Amino acid sequence: MIDEWHGVSYHGNLEVSDVNLIDQVGRSVVLRGMSSHGMQWYPQFARCESILTTKQAGANVFRIAMYTEEGGYLTNRAVIKDVIRAVDDTLMHDMYAIVDWHILYDNDPLSHMKEARIFFDNISKHYKDSPGVIYEICNEPNGTEVTWSKNVKPYAQKIIPYIRNNSPDSIVLVGCPNWSQDVDICAADPLEFDNIMYTLHFYAGTHGDELRSKCKKAIEMGAPIFASEWGTSAADGNGGVFLNESDVWLNFLDKHHISWCNWSLADRDETSAALLPSAPPDSWTETNLSQSGQYVLSKLSGII
Ligand code: DCB
């Protein structure tokens, strides 16, 4: 399947209908693109020319991963400047922009509730008139103590009204327990907001049939799924690359019209990074692509 390239000016405001995305006139929409790495480390690849190169390969979305910890937002508010710039550059290219509150070692999204509330209130006010902005409110809740009913769902119920108040029609992506894998648990006890999708995250070297079954189960229960982060590597971002396993995953996503972002557009020395070390941020080309980068960029245009 080869899709024609369509972006924000064509599709406008997106909506969730049944388990999939549609646009303002009811056409089906699948978004595909790259995720940045941590914005506190790799903002240079989340800028104009770099994002444009992914668009030229077929991407119509870019995800901006704003870590909360590890030198991210919580201790370094200056990162917002790069986040805003990345969103603006993405919108300038007529692509959808995902603002990702990238919790990770801060397992429970409730642990930084107040900061999340202020951040999402401000950012959804700033982009209230931009149909291209999508909000991802918690990257990967994890840890045995962190459950959907006690932690993640209450967090989502508190944060989403702040976004809705400023930007009533935007799509909101909600992370699931167990590193955004337990989509079936969310599906069994869904949120009562419109235009919500649950995120499925997978790493092809670690996750396979079992996770796909969970996802299928969630879809059958009526849950809309967005694969906002996946990698060709193992779950630690390294190892492999696992391209045969990635093929199986991409066929699965394609079959279910699931949108996706690949981890990550950076030149870190790890196999999941799309660029080789020392890639020039503003002028990287095919020669700078890692094995993963070559593979993923060839899939962005919807050619499976
Ligand atoms: C997720 C995170 C993402 C992480 C990738 C790969 O974590 F959302 O932030 O990225 O998947 O692990 C890695 C970077 C590294 C960096 C590290 C810490 O690639 O360069 O050093 O983050 O910032 C997952 C996903 C799944 C699982 C575990 C993790 N899992 N995890 O299934 O066990 O522990 O980070």
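The rules behind each value
Residues numbered from 1 in each chain as written. Predicted model: local features only at pLDDT ≥ 70, side-chain atom pairs only at ≥ 80, totals over all residues. Heavy atoms only, no water. Pairing = 2+ DSSP bridges. Helix = DSSP H or I, 4+ residues; strand = E, 2+ residues; numbered from the N terminus. Axes fitted to C-alpha atoms, helices over the stretch in contact; angles between N-to-C directions. Contact = heavy atoms within 4.5 Å. Buried < 20%, exposed > 50% of the residue type's maximum accessible area, 1.4 Å probe, protein only. Right-handed = clockwise from strand over helix to strand, strands pointing away. 1 Å grid on protein atoms, 1.4 Å probe; cavity = no way out; pocket = protein on both sides within 12 Å on 5 of 7 lines; lining within 4 Å. Points joined across faces, edges and corners; volume = space filled by probe spheres on them. Nonpolar A, V, L, I, M, F, W, Y, C, P; charged D, E, K, R; others polar.

**Student:** Break down the sheet that holds strand β9 (residues 196-203) for me, with residues and values.
**Tutor:** What the eight strands build is a closed barrel, ordered β4-β5-β6-β7-β8-β9-β10-β11; its pairing is parallel. The mean inter-strand angle of the sheet, taken between neighbouring strand axes irrespective of direction, is 25°. In the packing of helix α8 (residues 209-220) onto the sheet, contacts are made with β9 and β10 (225-231), and the angle to β9 comes to roughly 170°.

**Student:** Give me the lowdown on the environment of glutamine 291, citing residues and values where you can.
**Tutor:** Secondary-structure assignment places glutamine 291 in helix α10 (residues 291-299). Judged by its relative accessible area of 53%, glutamine 291 is exposed. A sequence separation of 49 residues divides glutamine 291 from phenylalanine 242, and the C-alpha atoms of the two residues are 10.0 Å apart. Ignoring any residue separated from it by four or fewer positions in sequence, one finds glutamine 291 in contact with Val241 and Leu243.

**Student:** Break down the pairing of strand β6 (residues 96-102) for me, citing the residues and quoting the values.
**Tutor:** Burial runs high along β6: seven of the seven residues are buried. Residues of β6 alternate between two faces, with Tyr96, Ile98, Asp100 and His102 on one and Ala97, Val99 and Trp101 on the opposite face, all of them buried. Here strand β5 (residues 61-67) runs beside β6; their pairing, made up of seven bridges, is parallel. Note that in β6 the partner of valine 61 across the bridge is tyrosine 96. Each parallel crossover has a hand, and the one from β5 via helix α3 (residues 79-92) to β6 is right-handed. In the classification by handedness, the crossover that spans β6, the intervening helix α4 (residues 113-126) and the parallel strand β7 (residues 133-136) is right-handed.

**Student:** Now, about the layout of surface pockets: what can you tell me, with residues and values included?
**Tutor:** Reported here for the largest pocket is a volume of approximately 500 Å³. What lines the largest pocket is a set of 22 residues, and nearest its centre among them are Leu104, Tyr105, Ala235, Asp236 and Gly237. A breakdown of the residues in the lining of the largest pocket according to their chemical character gives eight nonpolar, eight polar and six charged.

Don't take any of this as a statement about function, it's just geometry.
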